[in-house]
Amino acid sequence: MTISDRAARARAAVDVVTAFFAQIQAAAGDPDALDFTFGNPHELALPGLTSAMQAQIEPRSVEWYAYKTSERLAQETVAVGLRTDLGLDFEPEDIAMTQGAFGALSLAFALLADAGDEVVIPVPGWFCYEPMLYAADLVPMRAALDPETFDLDLDAIENAITPRTRIVVVNSPANPTGRVYSEATWRSLADLLESASRRYGRRIWLVSDEPYRRIRFDGIDFVSPAAVYPWTVIDYSYGKVLLAPGQRLGYLALSPLIPNAERDELREALFPIGLAIGWGFPDAVMQYSVPALESVSLDLDELARKRDRLFGALDAAGVRLTRPEGTFYLWGEAPGGDAAAFCAALAERGVHVMPGTLFAQPHHFRMSLTATMDMIDRALPHLTDVAASLGATAR
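Residues numbered from 1 in each chain as written. Predicted model: local features only at pLDDT ≥ 70, side-chain atom pairs only at ≥ 80, totals over all residues. Heavy atoms only, no water.

A surface patch of nonpolar side chains, about 460 Å² in accessible area, is lined by Y67, F271, L275 and W279. Here Y67 is to be found in the loop between helix 2 (47–57) and helix 3 (72–86). With relative accessibility at 74%, the residue Y67 sits in the exposed group. (Patch = residues over 30% accessible without salt bridge, like charges linked within 9 Å, V, L, I, M, F, W, Y side chains within 5 Å. Areas by Shrake-Rupley, 256 points an atom, 1.4 Å probe, with all protein chains shown as cover. Salt bridge = Lys/Arg side-chain N within 4 Å of Asp/Glu carboxyl O. Helix = DSSP H or I, 4+ residues; strand = E, 2+ residues; numbered from the N terminus. Buried < 20%, exposed > 50% of the residue type's maximum accessible area, 1.4 Å probe, protein only.)

A word on the nonpolar core. Among the nonpolar cores identified, the biggest contains 66 residues, and F36 and L383 are the most heavily contacted of them. Looking at this core element by element, the count peaks at 7 residues for helix 14 (residues 373–389). Those residues within four positions of L383 in sequence are excluded, and the remaining contacts are L310, L314, F342, L346, V351 and M367. Membership of the second largest hydrophobic core comes to 61 residues, among which are W186, V207, V233 and F359. (Core = buried A, V, L, I, M, F, W, Y, C linked by side-chain atoms within 4.5 Å. Contact = heavy atoms within 4.5 Å.)

Counted at 1.5 Å a residue, the expected span for helix 12 (residues 300–316) with its 17 residues is 24 Å, and the 24 Å between its end C-alpha atoms agrees. Taken residue by residue, helix 12 has L303, A304, K306, R307, L310, F311, A313 and L314 as its buried positions. Elements that come into contact with the buried residues of helix 12 comprise strand 9 (321–322), strand 10 (329–333), strand 13 (364–368) and helix 14. For helix 12, the N-terminal cap is D299; the gap from its side-chain oxygen to the backbone nitrogen of D301 is 3.1 Å. Once helix 12 ends, the next one or two residues include G318, with phi positive near 95 degrees. (Expected span 1.5 Å × (residues − 1). Polar contact = N/O pair within 3.5 Å; in protein donor to acceptor, adjacent residues only side chain to side chain.)

Let us now look at helix 3. A rise of 1.5 Å per residue sets the reference length of helix 3, with its 15 residues, at 21 Å; its end C-alpha atoms lie 21 Å apart and thus fit the reference within 8%. All of the buried residues along helix 3 are A74, Q75, T77, V78, A79, G81, L82 and L86. On its buried face, helix 3 sits against strand 2 (95–98), strand 7 (232–237), helix 8 (238–241), strand 8 (250–254), helix 10 (284–288) and helix 11 (290–293).

As structure tokens, then:
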């Protein structure tokens, strides 16, 4: 075999995603296709995004487009935003600017874990955790969420922890389920991780994956585990709230509660490890734009209306759904119990949704709410007809 073993494992872990992406690309040329798969925009970019970048295009010095690490103004802006969002005393030195959440996660894995270490991940959860871990020569260990509520299952997490565990990954608001976890949940998890760390004589870190932190519905509160468990790092992506995943901008943030000696060591490692993983810093224009972008957001009220339109119609048609508290996804049980069959039947009608097989959940499906309201209205007759044909019963 030409490629490395870890490359082969990563490729195998992402094969189902690659195949699905190829299928969607094949339908991309159809102007009538209704695509609810990935969290891509279906309208022109937010004016605040384009104006922020345009304001930074013209160079103001000969070094404007020189190599960039973490720009100080970007770090300061993020620290202020985190203090506001989370009520914790973040400092600029706690922030490493990255190429989106992908870059922040890569930095966290390289910073905290050694080859062969185990990393506990949620299932269902983001389908890129496993291939990223394999590519980093780490071992993913699945911990199932509660099958009914999709809450964290602390027993499942505890059962997944071994003497080789170095990191537990959590995601709130959660992709694909839309769940937002409570402070009480984080406190119970913190107790579990503290106990396991003592038992094995090895610190277990928490990586809090928070790219949807600012996309929440119904005034629901958000508490980061970084406020409860000191040994936490946060990854974030601006691509979600800006609805611009092609503009790579994010960060990794160290919890201010990390003890000073360890926090200083981590701070000192952020730049050299960011360099070592492939110069993982955002491009110059994106970093210069951070102060303006902190206040730019997709329309959350309109997103809530889309959620309510889809949820209401599908629920009335007898489709069992999890009402999302955050993110821009709708997660539900496939009528008939077979996600692949449900999604294939919809695709024949030009409606594309994501089967739960990408999340190791073959009986579920996910829809992106980034579609337009017109797309939703056009798709609903097909969704309800196919649901009925596969056994859903209108309420």
